[in-house]
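# Structure assessment
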Amino acid sequence: MNRIRANSGNAFHRLLVRCLAEDHQPTVEEIDLVAGKIWQDSYGLLTGQPWPDVVPNSDAHRQMIGAAKMALHPPLRCEASAV
């Protein structure tokens, strides 16, 4: 898998805007990029473990992938209906 530098803030922000503003469906590689960025900015700083070393399908890996998917394509907000 092509691993774009997870600490590349510009790439992360461009992708985020593209997904949210242009309704772009993120690719597996793009989700991995964002998961790596989330990992790096949170647990990676604490543990020193780089994202590529996180075991695929481990709890930590699944959590970061889930967070990345939510960041790139959050569920639609429900409008409060008149009661």
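It should be noted that the structure appears before, not after, this text.
These lines cover the structure that appears in this document, whether it is placed above or below. All values derive from a computational prediction rather than experimental measurement.

### A closer look at the overall build of the protein chain
When you go through the protein chain residue by residue, the secondary structure sums to four helices and zero strands. The linear arrangement of helices and strands in the protein chain, starting from the amino end, is α-α-α-α. For the protein chain, the proportion of its 83 residues judged to be buried stands at 29%. The long-range fraction of contacts in the protein chain, counting pairs at least 24 apart against all pairs at least 6 apart in sequence, stands at 60%. Within the structure as shown, the protein chain displays about 6000 Å² of accessible surface, and the carbon and sulfur contribution to it stands at 56%.

### Remarks on the environment of Ala71
Looking at where Ala71 falls in the secondary structure, it is placed in helix α4 (residues 59-72). For Ala71, a relative accessible area of 29% puts it in the partly exposed group. The spacing of Ala71 and Ala35 is 36 residues in sequence and 9.4 Å in space, taken between C-alpha atoms. What Ala71 contacts, discounting residues up to four positions off in sequence, is Leu16 and Leu20.

### Topic: the nonpolar core
Formed by 14 residues in total, the largest nonpolar core has its most connected members in Leu15, Val34, Ala35, Trp51 and Leu72. Listing elements by their share of this core, those giving two or more residues are α1 (9-21), α2 (28-41) and α4. Broken down by element, this core gets its largest block of residues, five residues, from α2. Here Ala35 is in contact with Trp51, Met64, Ile65 and Ala68, once residues within four sequence places are set aside.

### Comments concerning the environment of Arg62
Within the fold, Arg62 resides in helix α4. Counting along the chain gives 27 residues from Arg62 to Ala35, while the straight-line C-alpha distance between them is 9.3 Å.

### Remarks on the environment of Pro74
Summarising the element assignment, Pro74 is placed in the segment after α4. Linking Pro74 and Cys19, residues 55 residues apart in sequence, is a C-alpha distance of 9.7 Å. If we ignore the near neighbours within four places in the chain, the residues touching Pro74 are Leu20 and Lys69.

Calculation notes
- Residues numbered from 1 in each chain as written.
- Predicted model: local features only at pLDDT ≥ 70, side-chain atom pairs only at ≥ 80, totals over all residues.
- Heavy atoms only, no water.
- Helix = DSSP H or I, 4+ residues; strand = E, 2+ residues; numbered from the N terminus.
- Buried < 20%, exposed > 50% of the residue type's maximum accessible area, 1.4 Å probe, protein only.
- Contact = heavy atoms within 4.5 Å.
- Areas by Shrake-Rupley, 256 points an atom, 1.4 Å probe, with all protein chains shown as cover.
- Core = buried A, V, L, I, M, F, W, Y, C linked by side-chain atoms within 4.5 Å.

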